[in-house]
Structure formats: structure tokens, C-alpha cells
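One-letter residues, chain by chain:
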Amino acid sequence: MRSYKYQPVLHLLFALFFVLQSQSAFSQETDTLTVHKLKSLSLKELMNIEVTSVSKYPEKLKEVASAIQVISREDIRNSGVKTLPEALRLASNLQVAQVNASQWAISSRGFNNVLANKLLVLVDGRTVYTPLYAGVYWDAQNFILEDIDRIEVISGPGGTLWGANAVNGVINIITRNSKDTKGLFAEAAVGSNLPGLASLRYGGQLNSKISYRVYGTGFKSGSTFLTSGSKAGDDWQMGQGGFRMDWIASGRDKVSLQGNLYDGAPNPDAGDTSVTAKGENLVARWNHSASDKSGFQLQAYYDHRLRDFGNGFTEDLKTYDLDWQNRNELHMHRITYGANLRLMEHNVTNLQLFAFLPAHKTLYLYSAFLQDEIELLKERLNLTLGAKLEHNSYTGFEFQPNGRLAWMPAKNNTIWAAVSRAMRTPSRIDRDFYLLITPDLSLISGNDSLRSEELVAYELGWRSGSFKNVSISLSAFYNVYDNIRSAEPGTPPLGIPITFGNGVKGNTRGIELALNTQPASWWYLKGGYTYLYKNLRVREGSKDLNGGSAESNDPQHQLVIQSNIKLPQHLEFGTVIRYIGNLPKPYVSEYVGLDARIGWKIYRSVELNLVAQNLLDKRHTEFIPSSPSAREIPRSIYGKITCYF
Amino acid sequence: MIHPDIKILLLVLGLFSSGFQTNADREAKIKAAFLFNFTQFVQWPEDALSNQQEPLVIGVLGENPFGDYLKDIVAGEKVNGHPLVINYYRNAPEINTCHILFINLHESGELREVFAHLKSKGILTVGDGDNFIKAGGMVRFFKRDNKIRMEINAHITKAAGLIVSSKLLQVADVVSNKK
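Bear in mind the structure is a predicted one, so any value in this text is a computation, not a measurement.

Draft legend 1. Main features of the overall build of chain A. Counting its regular elements, chain A contains seven helices and 37 strands. For chain A, whose C-alpha radius of gyration is 25 Å, the value lies close to the compact-globule estimate of 26 Å for 645 residues. Its C-alpha atoms put chain A at 80 × 60 × 55 Å along the principal axes. Sequence separation of at least 24 residues holds for 59% of the intrachain contacts in chain A that already meet a minimum separation of 6.

See below:
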């Protein structure tokens, strides 16, 4: 019976083999860069061709030994998504579930939750998590999607380069250089569940060396539904504006400055007063390349966020961050090292029975890292060794090393293996949170001795860059976790106060497969499948009230297929199909989602879009949080006009 | 049970190592298409293209990175009535009539020598080395965000009597280091 288990794998390999074989014969004729095609392209179209074919892996990551998927600007545009979290659904190595009109649960390699805390998200080098719970407020991460160059989604630990909280994955959102966003761009959309969305951006050149863009965008988003079928009333709106400047200071120096200002009113509880979520941020970056082989990057940012929950509880966070990275190539060594300094002023206004103590806390984070990529055999075998030493205000020093081996048996073919250790350091909710029954009696009480959660990850992967028209990435992982957060009851008979402990351990394993292909010059196809199996248990001595299950609710299987077809008459037809398996606890039924977009370029610079989302069912639930109540995401349709001048 | 798996894996790998369109090829093709495109966005001085029958010459100096691709692209094409011709040169003194020259040399010294030779010939010089503009070249290809971008030295094109269309300047990074 044992060998029977291998059957599906064998079938998959066979299928893969035949797909590739037939592909190679097929693509001889339909090579995307035929003479005929290339000479018919305009200057602007030529500038949009990716150099590394369908693989889309940015240069530096092409041969890096890790599981990375890239959502390109074209993928975003073709899919018809209208927000960042919707765009993240396009990466099959992420678990993405819409909870209500403004809240999302997003994670990688499991542990998904509204308060998911093992994923690091960066926007142009700026970390966007809140130290309140080490997660991301997705309702405050807004963009003109047109200005996003690409989103790199790395599943697996990235602690060595990116630091604590890059435990299960890293999302890197990279906006376009203002050099590439010259001119006027305007978009306006309205639909059945989208009362309105409008954006305006203007980009230009101050002189031959300085380019810039300024933008404003706003939307009002519709409501989700209660399970009873009536509208939940969690509709909300947001406004945002900002700028980016890029300056080529010299042939060796590039400087960029960008800033954003936003004000949103999400209302997940559908209450009389909505939440106020506003903030501003400013990032300055200086890139210096002393030569092809050495250089540094210096980055500083300021980020201020204010969240008024409308019930008296407010959170105010000011982050100051300074980051320095240096790279040097010496013979067979590519050495990267750097240091980071971060100061976070975290200030809350507590309620009488709901409090973070102390209300004001200054969190310091400083770290240094060193990584050496050693070319053991020229263009054949690379060994990467690196480690980060990071100090945080709660647990002191944490050590996050990793080792990666990449073997290139043929050009653009990489087989890699990695072992890494990553830490999830405590956030304020872990250490400083108190929920009281009366002013003298706690139900939940902070735990000063809570430690960091630890992951040791073993990964194995294969990536093929540009085999004709197909690129493949296959990775498998085995993650061993310890000291995962648990809820420990207090002394009997009442069992209070409950405190957070490190009472859960266990392992997860899974496979991530991603494929990109261009079967014909007019057809682009991309897909991915992720399998995830979790085995978490309560440690000896722990009495975790949730039996080890509170931290995550993940599907075992998920599949995403995105297709874009160029039709005659300047028409485009894009579809995204996704299958998300059952969530175990609380149970959410599996579903298949289908989004479709028809784009029509009616004039050189004007495009009409008609997009239908969640076509297959009237409504479905994607995630059930502990609060507020479960919501259903409706089928919806919207129209959008886009103009470029 | 292990053996068949390995066999298939080897087969797949073997397949991969044989049939590649390398990224380098792809990059060269895109650059070739740019060279062809430049013919429409540059105006040469009167004496450089005197009569209608005279061909517009795209040249390659140094090792030819394009294979037959450049020839295939221009085959049968005309720009403002001028037929397009591809010439390959081994050294600068060989160059007589030429309008666009792709220079596949990367030594600063070599490049300066070539530019000294081409001075006042009204040739649009194109290259992709880091030092190309610094050494006195006009258009440099480079990669940004996995796409081909251009740097144009407006000062030098102007000095050579070339008029570069604003459409081309708009999509390029314009630098102007006077030397």
C-alpha cells in the first residue's frame, strides 16, 4: 500500500514531462519574440518586454535559493483586482481570505488568522506591521495599483535578511520608478459593490536628472452580507495622496524620496462610529555603487499611524528606521552586510477594562547581518551562509542564521536546498495586554516571561527559468515550530487570569508549485498549487485552552489559475480561477472563485474595463473570525475607465 | 520505487539542458528591435543621407551579439524611402558610411579611441557597457526592473548634428555630461 501513495506524484511528473515535451515542439513556431512580432512593436511596447522571459524573476532573485513568486503589474492589471489584498490572491503561495469589507486574513505557509503574525510585509523597504500584534492592518495599505511595479512573494523564512517576523514569508511591494510613470493617468470605477473609486496621477521631469509623480486616490467600498442574507453595513471609504521623486545624482548615485498621506474609515463591526485609520510616511533612500562589484544603500523612513477604534481605544505609532546595507564582491564571494536601527513610539489610550500596560512604550530594535554567497563552482554551485543578530525590547538578542545551497545543472535551472532559523519576537499583545472583569480582577493578564516563537525550516526546491515558454518553480518544506503562543488558564477554581504562554509546538509540511507559460503570443497562462499539512500539539506542561488550534485556520489545498487572452479589436479577456479548500476550525466550506475581466482599448490612451468578481456563487464566506460576526462576500460587477496621456 | 522517479527527473533535466532560448538571446533580440526602431526617431544631418536611394546603414562594431537577427529584422524594410542595410565592422577605420552603430566594446580606452575616430561623422552610437556614456557614447542600453531602458546623452547627439525625436527622449533617461 505504501507505494500506492507515490502514484499521484508519478502521474504528476509524467504529466509535467509530457506538457513540457509538447510545449517544446509547439513553441518552436510560436516563439514570442519572432522577427515579425518584434519589428511591429512600438517603442513603448518594446520597453515593456521583460528581459528574463516569462520567468519574471527579478535579476537578483533569479538564482536565489528560495521559494519566490512574483505578481507583476500586468498580472494585476489583467486580473481586474481593485485592491492590494485582492491582488495578493494571485500568488498561490499565500493564504488570502477576505473576512469582511475591510479586514483580511493573509499568511504564507499557514498560521492564517485576522491577527496573523508570521508574515513580514514591506512597501518600498518600509515595514508595515504593527507592534500591537505583529500583523498588518490591510485596510491601511492602499495603492494606485497601476503604480505598483511588482509584488515579490517569498514563502519561507527570511529572517536573515529581513529580521524578526519574517518567519513564514515576506511580501515585498515595489512601486514603479517615477521615471516610468510620466504623464497623466486617471481612472474611475463604479459597480454593484463599489459605490466609487477614482485616482489621478501626474508624473513629470523637473530636469534631466529628477523625475517625480504626485497622486491622489479614493474609494468607497460596498458592504458584505450577514449569513442571514441582509447587508452587514460594513461599507467604508478611504482617501490617500502622495508623491515619489527619483534623482540620478550621478552615474553612481541614485536617490529617491517618497511620501504618502491617508485617511480611512473602515467599519468592520458595522457600528455607528467607524474606525479612523490615518497616517503619513516618508522614505528616503540613497543607492551608491562604487563599482559593479560594490556599493551600499542607505535608507531612512518615518511612519506615523493613528487608529481610533471609535470606542475610546486608540493606537498611535511613530516609527523611525535607519537601514544600511553594503555589498562587496571578492573573487568567489558576494558579501552583503548591514545594520538596522528602529525606534517605535507606541502609545495607546486604554479603556477601563481593556488595556495595554504600560500605555506608552518605546520599543527599540537594532540588528546587524552578514551574508556570504560563495560561488563554489563557477555558474554551477553556490553556497550562501548568513546570519542576523537582532536585539528587541522584549527578549533581548535573537539569532537568525540560514544556509542555502543552489546547484545549477543547466543554465536557468536551479535546484536548491535551505535550512533556516527564524523568530517571531513578542509583540505588545503577547506581553502587555490586560482584559479585566472588574478593575481588580483580570480575565487576561500579560506575561512578562513570554518568549519568542521559533521556527527551524528545511526547504528543497527546483526552479527552471526560461525553458522555451514555460517557467516552473517547485518547492517543498518541512517546518519545525516551538514555543508557539498558547492561552494558559490561571489558578483554579476560576482558572483566571488567563495568560499567554509558549505552550504549542509541532510541524508543518507542504508543497508549492507555480507555473508560468505563454502557449501563444496572445495567451498568457499562470498557475499554482499549494499543499499544506499541519501537525501542532500542546507541549507537556501546557494547558492551552484552544488545544493548539487558535493560531491558525488554513486550507490544505489551494489552486490559482490566471489566464489572459489578447483578442482582436484591442480586446483582452482575463480570468482568475481559484479553489480554496475547507478551513477546519471554525469550519469554512471550500469554494471556487471566478473573476473575469474584459478590457477594451477604445482609443490609444483610453481603456474600458468590465470586471465580474466571485461569479460562481451569489455569496460565500471565506473566514470566520472570533469577532465580529461571520460575513459573506457577494458576487459583484464593476466598470472602470482608464486614461493615459 | 525510487529508481523510476530519478529516471524521470534526469529525463526532465536532460530535456532542459538541451532546448534553451537563453535570456541573453532574448535580450539581444530586444536590443536589435530597438536599433531598428531608432531609425524612425532620429534625423540625420543633410549630408549624411543625401538622396533617396542611399541606404540607411546600421552597423555593428566588435563581436556581433545579434546573430542573423538584425538582418532578419530589417529585411525588406524602408525608412523614408531609404532601404536598410546591416554592416559588420572589425575596427573603427573600416567604418565609412554608417548611421546607427552598435558598439560591442567595453574597455573605456578602446571606446574613446573609437569615438575620436567617429567624431563629426553623424553616427548615432549605441552601446550597453556601464562606461559607454562616460566614454562619449550617445545611447546606452541598461536593465531596470527586468526591462530594457535607455540613457541618452543629449549633449553629444546634438553636437554630432543628430536630432533625436522627443518621443524617444521621453522614454529615455536623458543625461548631458559636457566633456
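Structure's up, so let's keep going.
Draft legend 2. Focus on the overall build of chain B. Summing up its helical and strand segments, chain B has six helices and 10 strands in all. Within chain B, the proportion of its 179 residues that are buried is 35%. Partitioning the contacts of chain B with sequence separation of at least 6, the portion at a separation of at least 24 is 58%.

Draft legend 3. Main features of the sheet that holds strand 9 (residues 169-175) of chain A. All names here are of chain A. Spatially, 1-8-9-4-5 is the arrangement adopted by the five strands of the open sheet, whose pairing is mixed. The sheet terminates laterally at strand 1 (67-72) and strand 5 (126-127), the two strands that pair on one side only. Bridge count for strand 4 (residues 119-123) against strand 5 is two bridges, and the pairing is antiparallel. The residue bridging L122 from the neighbouring strand is T127, located in strand 5.

Draft legend 4. Inspection of the confidence of the model for chain A at higher detail. All names here are of chain A. Of all residues in chain A, 91% have pLDDT values of 70 or greater, and the mean over the chain is 87. The element-level mean pLDDT for chain A is lowest in helix 1 (residues 7-30), coming to 37, with helix 5 (residues 84-88) highest at 97. Here residues 1-31 is modelled with pLDDT under 50, and outside its nearest four sequence neighbours on either side it reaches 19 contacts, counting other chains as well. Per-residue pLDDT stays below 50 along residues 52-62; that stretch engages in 32 contacts with residues further than four places along the chain or on separate chains.

Draft legend 5. Spotlight on the confidence of the model for chain B. In this model, chain B carries an average pLDDT of 80, and 84% of its residues clear a pLDDT of 70 or more. For residues 1-23 of chain B, every residue scores under 50 in pLDDT, and the model assigns this stretch 30 contacts once sequence neighbours within four places are set aside.

Draft legend 6. Structural context of the sheet that holds strand 6 (residues 124-127) of chain B. Residue and element names in this part refer to chain B. Pairing within the open sheet is mixed, and its eight strands lie in the order 3-4-2-5-6-7-8-10. Each end of this open sheet is capped by a strand with a single partner; those strands are strand 3 (78-79) and strand 10 (173-175). Relative to strand 4 (residues 82-89), strand 3 runs antiparallel, the two being bridged by two bridges. Paired with K78 across the two strands is P83, which belongs to strand 4.

Draft legend 7. Seen up close, the nonpolar core. By size, the foremost hydrophobic cluster in this structure holds 70 residues, and its most contacted members are I71, A87, L88, A105, I106 and V153 of chain A. Excluding residues within four positions of it along the chain, V153 of chain A makes contact with I68, Q69, I71, A91, N93, L94, G169 and I171 of chain A.

Draft legend 8. Region of the structure containing the pairing of strand 22 (residues 381-392) of chain A. Residues and elements named next belong to chain A. Side chains N382, T384, G386, K388, E390 and N392 of strand 22 all project onto a buried face; the interleaved residues L381, L383, L385, A387, L389 and H391 project onto a face where none is buried. Where strand 21 (residues 360-377) meets strand 22, 12 bridges bridge the pair, whose relative direction is antiparallel. Within the sheet, the bridge partner assigned to S367 lies in strand 22 and is E390. Counting the residues in the hairpin turn of strand 21 and strand 22 gives three residues, including E379, whose phi is positive at 55°. Pairing between strand 22 and strand 23 (residues 396-410): 12 bridges, direction antiparallel. Bridge pairing in strand 23 places N382 opposite A406.

Draft legend 9. Local environment of the pairing of strand 11 (residues 194-205) of chain A. Residue and element names in this part refer to chain A. Examined bridge by bridge, strand 10 (residues 183-191) and strand 11 share eight bridges and lie antiparallel to one another. From the neighbouring strand, G183 faces strand 11, where its bridge partner is G203. The hairpin turn running from strand 10 into strand 11, its antiparallel successor, is two residues long. When strand 11 meets strand 12 (residues 210-221), the two strands line up antiparallel, connected through 10 bridges. Considered in strand 12, the bridge of S199 is made with T217. Hairpin connection, strand 11 to strand 12: the antiparallel pair is bridged by four residues.

Draft legend 10. Up close: unusual backbone geometry. All names here are of chain A. In this model, L357 is joined to P358 through a cis peptide bond whose omega is 0°. Here P358 is to be found in the loop between strand 20 (354-356) and strand 21. Along the chain, P492 connects to P493 via a cis peptide bond; the corresponding omega equals 5°. Here F111, not a glycine, exhibits a phi torsion of approximately 65°, which is positive. Its location among the elements puts F111 in the loop between strand 3 (104-107) and strand 4. A positive phi angle, close to 45°, is found at D124, a residue other than glycine. Of the residues examined, D124 has 19 C-beta atoms within 10 Å and is grouped as partly exposed.

Parameters at a glance
- Residues numbered from 1 in each chain as written.
- Chains lettered and ligands numbered in written order.
- Predicted model: local features only at pLDDT ≥ 70, side-chain atom pairs only at ≥ 80, totals over all residues.
- Helix = DSSP H or I, 4+ residues; strand = E, 2+ residues; numbered from the N terminus.
- Rg over C-alpha atoms; globule rule 2.2 N^0.38 Å.
- Contact = placed C-beta atoms within 7 Å.
- Buried ≥ 20, exposed ≤ 12 C-beta atoms within 10 Å, placed from the backbone.
- Pairing = 2+ DSSP bridges.
- pLDDT = per-residue confidence, 0-100.
- Core = buried A, V, L, I, M, F, W, Y, C linked by C-beta atoms within 7 Å.

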